[in-house]
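Structural overview for review
Given next are the chains, with one letter for each unit.
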Amino acid sequence: MVATLICAAIHLYSCTKSDGDKTSSSTRKGINLTDNASYANCFIVSSAGEYYFETKLTSGTTPEGIVSADWIWSTNDVYADGLVENVRYDNGYISFSAKSGKGNVVLGAFDKDGNVVWSWHLWLTEQPATQTLDNGAIFMDRNLGAMSADPENAVLTYGLKYQWGRKDPFFGGDKNEDSEVFSEANANTVFNPSIPLEWKAVKKEEISATVDYTVQNPTTFIWTDKSEDGCDWIAERNDYLWSEENTDNKTDYDPCPAGYRVAYDGAWEGCGYWNVDDDPVNGGRTHTTEKGEKFWWPLSGTRWGDADAGKLGYVGLNGVGAIWIRTTINCGYNASCFYYHQGTYMGSSYAMYRSYGENVRCTKES
């Protein structure tokens, strides 16, 4: 408790200091990630250097109350102290320095009391290629957050995990968490010591399970053992967190970079057990299109959102893979996903509990 208060106090000091140290926009250096109004919850950073972005939501609206910014968590396999530094906020922009190497980072914008106002995912990897299925769906060549699209780099293709409808990622891992939830995440990530956040799993019935809560707590996984509401992480059902009602427009909670969306219902139409091959060496499944393009879907497991309280399971050989679909057509309280496991089963629109942590494979916006 004392450590948490100290951290909060340190962070509050940095908030106050940042608010009084605003610089002119003409002094910003580097690449503008929101050039041409490219607002999103995820930015791809492909090389070391200086970057900045405007603190606007996907819709172009500006969250109120931001006085400071800093990194929240980072993968730590390249640097023990994270992949970014010199994170700062001034006059509606967040600037940062990216180190060399691949990985994932989440940056946060904070109010005067140190609360998270909004957060953004930095995906430090080369620009993903696009692939087109025979049905015309255009996908990124890898899961959101993955460092590779090569099956021989199996673990690097896994990507990050998302609860359905939430914008912030959870770290997965390359093996099952049999004893302790987030043991894989804690082993492979580092948190900013000045910010009192951590990987945490809480039961829905013990908190105010709202969208606002998830925005302020981007590293808290919400689970429930109540099946009557479809094991949803949110207290009041919302079918339109990733697609606006009636219009199907991209929402402020879609986790994909600008120009991309969470996949739509029917995006995997034409893929099935009859034309998808097992990879018993790397732990995944491969589909070859009529033009000879190969799609790779790794068995990256799932974060259980029910009785196993957020633990990662069924990773790798003999495991499972699931990729979210943004709509909830014909799913009732559940949501849809592209689901597959080693062997013969593959479902292009499978009903999945919304509290589960699954992958996202972004499709190109039309």
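Residues numbered from 1 in each chain as written. Predicted model: local features only at pLDDT ≥ 70, side-chain atom pairs only at ≥ 80, totals over all residues. Heavy atoms only, no water.

1. Brief notes about the overall build of the protein chain
- Looking only at helices and strands, one finds 3 helices and 25 strands in the protein chain.
- Since a compact globule built from 366 residues should have a radius of gyration of about 21 Å, the 20 Å found for the protein chain is in line with a globular shape.
- With respect to the principal axes defined by its C-alpha atoms, the protein chain has extents near 60 × 45 × 45 Å.
- For the protein chain, the proportion of its 366 residues judged to be buried stands at 57%.
- Taking contacts inside the protein chain between residues at least 6 apart in sequence as the whole, the part at least 24 apart equals 59%.
- Taken as a whole, the protein chain presents about 15200 Å² of accessible surface, with 47% of it coming from carbon and sulfur.
- Computed over 30 positive and 50 negative side-chain charges, the separation of the two mean positions in the protein chain equals 3 Å. (Helix = DSSP H or I, 4+ residues; strand = E, 2+ residues; numbered from the N terminus. Rg over C-alpha atoms; globule rule 2.2 N^0.38 Å. Buried < 20%, exposed > 50% of the residue type's maximum accessible area, 1.4 Å probe, protein only. Contact = heavy atoms within 4.5 Å. Areas by Shrake-Rupley, 256 points an atom, 1.4 Å probe, with all protein chains shown as cover. Lys, Arg positive; Asp, Glu negative; His and termini not counted. Charge placed at Lys NZ, Arg CZ, Asp CG, Glu CD.)

2. Considering the pattern of salt bridges
- Summed over the entire model, instances satisfying the criterion amount to 19 salt bridges.
- The salt bridge partner of Lys102 is Glu126, with a shortest N-O separation of 2.7 Å. Placement of Lys102 in the loop between strand 6 (93-98) and strand 7 (103-110) and of Glu126 in the loop between strand 8 (116-124) and strand 9 (130-132) is noted, with a sequence separation of 24 residues between them.
- Taking the shortest distance from any N to any O, the salt bridge between Asp239 and Arg237 comes out at 3.0 Å.
- The exposure class assigned to Arg237 is partly exposed, which follows from its relative accessible area of 39%.
- One salt-bridge network, held together by shared partners, links Lys102, Glu126, Asp141 and Arg142. (Salt bridge = Lys/Arg side-chain N within 4 Å of Asp/Glu carboxyl O.)

3. Let's talk about the sheet that holds strand 17 (residues 284-288)
- Taken in spatial order, the 3 strands line up as 16-17-18 in an open sheet, and their pairing is antiparallel. Edge positions in the sheet fall to strand 16 (276-279) and strand 18 (294-298), since each has one partner strand and no second. Strand-to-strand twist in this sheet, taken as the mean axis angle between neighbours without regard to direction, amounts to 25°.
- Note: strand 17 against strand 18, 5 bridges, orientation antiparallel. The residue of strand 18 that forms the bridge with Gly284 is Pro298. (Pairing = 2+ DSSP bridges. Axes fitted to C-alpha atoms, helices over the stretch in contact; angles between N-to-C directions.)

4. A word on the environment of Gly230
- Positionally, Gly230 belongs in the loop between strand 14 (220-223) and strand 15 (260-261).
- Its relative accessible area of 5% is what places Gly230 among the buried residues.
- It is 9.7 Å that separates the C-alpha atoms of Gly230 and Cys331, two residues lying 101 residues apart in sequence.

5. Details of the nonpolar core
- By size, the foremost hydrophobic cluster in this structure holds 73 residues, and its most contacted members are Ile94, Phe96, Leu107, Trp324 and Val360.
- The greatest single-element share of this core, amounting to 7 residues, is contributed by strand 8.
- Setting aside residues no more than four positions away along its own chain, Ile94 makes contact with Tyr51, Tyr52, Phe53, Thr55, Ala69, Val87, Arg88, Tyr89, Leu107, Ala109 and Trp120.
- In this structure, Ala137, Ala263, Phe295 and Tyr340 belong to the second largest nonpolar core, which totals 16 residues. (Core = buried A, V, L, I, M, F, W, Y, C linked by side-chain atoms within 4.5 Å.)

6. A short note on the confidence of the model for the protein chain
- Counting all residues, the mean pLDDT for the protein chain is 91, and 92% of those residues have values of 70 or more.
- Low pLDDT (under 50) marks residues 1-24, which in the prediction has 29 contacts with non-local residues, meaning those over four places away or in another chain. (pLDDT = per-residue confidence, 0-100.)

7. Digging into the side chain of Arg326
- Counting through the fold element by element, Arg326 comes out in the loop between strand 21 (320-324) and strand 22 (335-341).
- For Arg326, a relative accessible area of 7% gives the class buried.
- Within the structure, the side chain of Arg326 is placed 3.0 Å from the side chain of Asp248, a separation counted as a polar contact.
- Here Val262 takes part through its backbone oxygen, which lies 2.7 Å from a polar atom of the side chain of Arg326.
- Leaving out residues up to four positions away in the same chain, Arg326 has contacts with Trp164, Trp242, Ser243, Asp248, Arg261, Val262, Ala263, Tyr264 and Thr363. (Polar contact = N/O pair within 3.5 Å; in protein donor to acceptor, adjacent residues only side chain to side chain.)

8. Some points on the sheet that holds strand 12 (residues 189-191)
- Pairing is mixed across the open sheet formed by 5 strands, whose spatial order is 2-8-7-4-12. Two strands in the sheet have a free side with no partner beyond their single neighbour: strand 2 (42-45) and strand 12. Neighbour-to-neighbour, the strand axes of this sheet turn through a mean angle of 25°, independent of strand direction.
- Pairing analysis gives 3 bridges linking strand 4 (residues 68-75) to strand 12, with the strands arranged antiparallel. In the strand pairing of strand 12, Thr75 is matched with Thr189.

9. Things to note about the environment of Ala98
- With respect to the helices and strands, the residue Ala98 is situated in strand 6.
- Judged by relative accessible area, Ala98 falls into the buried class, the value being 8%.
- Sequence-wise, Ala98 and Leu124 are 26 residues apart; in three dimensions their C-alpha atoms are separated by 8.5 Å.
- Not counting residues up to four positions away in its chain, the partners in contact with Ala98 are Val45, Ser47, Ala48, Gly49, Tyr51, Leu83 and Val84.

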